[in-house]
Amino acid sequence: MVKASLFSPATPHFFQPFLLGSKSHLNIPVQFFSEHIEGKHEGKTVTLRSDASEKTWKVKMEGQRLTHGWKEFVEAHVLGVGDFVVFRHERDMLFHVTALGPNCCEIRYTLSGSRCQEDEEESGEIDKEVEKNLTKFVKLTPTSASFETGRQHLPASFTRVNGLIKPGKIILVDKKGAEWAMELKVETTNGSIMYMYIMSRNGWSIFCRVNEVRAGESLTLELIRGGASPMLKFCSKMEQPPFEAEASAHKRAKWSQEIKDKTAEEGEPSHRTRASKETNANQENLQDKQPCSVSDLLMTKVKHSVVSTLTSIRRFREELKTKEQELEDTLQEIKNLVPCWRTERRRQRE
């Protein structure tokens, strides 16, 4: 007998995680599109239905994308980042859609069509966690004046939410993993408004040069340790406009030479410090981290949702494997019972 499969070829499936851009459109996986749609149903309108409602939705398909009408389906099912949807191709261009939440379970809906409270709370917790992660990043735009004075202000919204309100030492980690010890200082205006800033006479300008950040360009730093001696790690710099890219290319060699000359004059140990024993113990972890490719802080939210969805998908697959194995075991038991049943029937007839 042919081995039974949980997914019948007659009703193929595909699933997609719900990301930031998923509200306006959804991409159909390349393999699914080429095997079941391309050359057969391209450019047509698909029909979506679900167990959450008796209503059906007409959604336009443009290439491999579901576009016009998809947003209405999303809003009707209250889908958000961290969820993912499973499509079952039933016939022609009719799909049955199952929405799964961050807990890898099917989303439950009330009679009015809203999500059950438990699912909403869990989705809300994910959004809060994402927002919390976003506060760990700060975007700075150094100027020529900040290079000359060695003084770089930090946004009050960043310092306050992360508790960076006391003067002391601060460590910056460049893109190569080297650490730079600087001062975190406080400035009070009108006796009440407080501003925090990084201070290092020559260290700040050299740190920016090492990371190839010029005056007027922006860089993103990630707070990887708070407390009495906070640590900020270089994450990325904002891409230059095309008309500036060529001009800066021939200057990189000059910057490199300036850095070497400056370091030789100042003495490397006076600006670059090795971490304490505790920091050294974590140095490998810092270097092992994949460098951020963040040009916008919202990329963090995308990363979080992808990781969360992948975790849910893995759990979902494991549950499917377990269920399939149970069905196969049951089938085998039935096979084993058939001969016994036949023998018993034969005895009764005799």
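Residues numbered from 1 in each chain as written. Predicted model: local features only at pLDDT ≥ 70, side-chain atom pairs only at ≥ 80, totals over all residues. Heavy atoms only, no water.

Visitor: Please explain the overall build of the protein as it appears in this structure.
Guide: A count of helical and extended segments in the protein gives eleven helices and 14 strands. Split into buried and exposed, the 350 residues of the protein put 36% on the buried side. If you take every contact in the protein between residues at least 6 apart in sequence, the share linking residues at least 24 apart comes to 62%. (Helix = DSSP H or I, 4+ residues; strand = E, 2+ residues; numbered from the N terminus. Buried < 20%, exposed > 50% of the residue type's maximum accessible area, 1.4 Å probe, protein only. Contact = heavy atoms within 4.5 Å.)

Visitor: Teacher, can you tell me more about the packing of aromatic side chains here?
Guide: Within a pair of aromatic rings, the relevant descriptors are the distance that separates the centres and the angle that separates the planes. If you walk through the whole model with that rule in mind, you get eleven aromatic pairs. Each ring, one from F14 and one from F87, has its centre 4.7 Å from the other, and the planes form 5 degrees; the classification is stacked. With F14 in strand β1 (residues 13-17) and F87 in strand β6 (residues 84-91), this residue pair connects regions lying 73 residues apart in the sequence. On the basis of relative accessibility, which here comes to 6%, the residue F14 falls in the buried class. In textbook terms, an aromatic cluster arises when at least three aromatic residues are bridged by ring pairs, as seen for F14, F32, W57, W70, F73, F87 and F95. Of note, R151 hangs over the ring of Y197, and the distance from its end group to the ring centre comes to 3.9 Å. (Phe/Tyr/Trp six-rings, centres within 6.5 Å; stacked < 30°, edge-to-face > 60°. Lys NZ or Arg CZ within 6 Å of the ring centre and 35° of its normal.)

Visitor: I'm lost on the sheet that holds strand β4 (residues 53-62) in this one. Help?
Guide: The pairing of strands in a sheet happens through backbone hydrogen bonds and is either parallel or antiparallel. Pairing within the open sheet is mixed, and its seven strands lie in the order β1-β6-β7-β3-β4-β5-β2. Looking at strand neighbours, the two that pair on one side only are β1 and β2 (26-27), the edges of this open sheet. Where β1 lies against β6, five bridges are found, and the strand directions are antiparallel. Bridge pairing links F14 to F87 in β6. (Pairing = 2+ DSSP bridges.)

Visitor: Just to check I follow, could you spell out the pattern of salt bridges for this structure?
Guide: One side chain can pair with another of opposite charge once the charged atoms of both are near each other. This structure, assessed with the given rule, holds six salt bridges. Measuring nitrogen to oxygen at the nearest pair gives 2.1 Å for the salt bridge that ties R151 to E187. Here the residue R151 occupies a position in strand β9 (residues 151-154), and E187 occupies one in strand β11 (residues 179-189), the gap between them amounting to 36 residues. You can call R151 partly exposed: its relative accessible area is 28%. (Salt bridge = Lys/Arg side-chain N within 4 Å of Asp/Glu carboxyl O.)

Visitor: Sorry if this is basic, but what is going on with the state of the cysteines here?
Guide: Simply put, the disulfide is a covalent bond whose two ends are the sulfur atoms of two cysteines. The final tally for this structure, using the stated rule, is zero disulfides. Unpaired in this structure, C105 has its nearest cysteine sulfur neighbour in C104, at a distance of 6.4 Å. (Disulfide = S-S within 2.5 Å.)

Visitor: Whenever I open this one, the confidence of the model for the protein confuses me. Can you help?
Guide: Predicted coordinates in areas of low pLDDT are best not read in detail. Looking at the protein as a whole, its pLDDT mean stands at 75, while 68% of the residues score no less than 70. The lowest-confidence element of the protein is helix α9 (residues 268-271), averaging 42 in pLDDT; the highest-confidence one is strand β10 (residues 168-173), averaging 94. Below a pLDDT of 50 lies the segment residues 1-8, which in the model reaches eleven contacts outside its immediate sequence neighbourhood of four places, other chains included. Every residue in residues 268-295 scores below 50 in pLDDT, and together they form 37 contacts with partners more than four places removed in sequence or on other chains. (pLDDT = per-residue confidence, 0-100.)

Visitor: Looking at this structure, how should I read the nonpolar core?
Guide: As a rule of thumb, nonpolar side chains are buried together in soluble globular proteins. Within the largest apolar cluster, 25 residues are counted, with the highest numbers of intra-cluster contacts made by L48, W70, F87 and F95. Of all the secondary structure elements, the ones that give two or more residues to this core are α1 (30-36), β3 (45-50), β4, α2 (70-76), β6 and β7 (94-100). With near-sequence residues (within four places) excluded, W70 lies in contact with F18, S22, K23, S24, H25, L26, L48, V59 and F87. Membership of the second largest hydrophobic core comes to 24 residues, among which are L140, I198, W204 and L221. (Core = buried A, V, L, I, M, F, W, Y, C linked by side-chain atoms within 4.5 Å.)

Visitor: I tried to follow the environment of A145 on my own but got confused; where do I start?
Guide: On the secondary structure map, A145 appears in helix α4 (residues 144-149). As for A145 and A215, which are separated by 70 residues in sequence, their C-alpha atoms are 8.7 Å apart.

Visitor: Can you walk me through helix α6 (residues 203-210) in this structure?
Guide: Since the α-helix advances by 3.6 residues per turn, residues separated by three or four positions end up pointing in the same direction. Taking burial as the measure, the eight residues of α6 include seven buried ones, the bulk of the element. Of the positions making up α6, those classed as buried are G203, W204, S205, I206, F207, C208 and V210. Just downstream of α6 lies E212, where phi reads positive at about 60 degrees.

Visitor: Any chance you could explain the side chain of S50 here in plain terms?
Guide: Mapping S50 onto the fold places it in strand β3. According to the relative accessible area criterion, S50 is buried, its value standing at 6%. A polar contact is formed between the side chain of S50 and the backbone nitrogen of A52, at a distance of 3.3 Å. Those residues in contact with S50, other than ones at most four positions away along the chain, are H77, H96 and V97. (Polar contact = N/O pair within 3.5 Å; in protein donor to acceptor, adjacent residues only side chain to side chain.)

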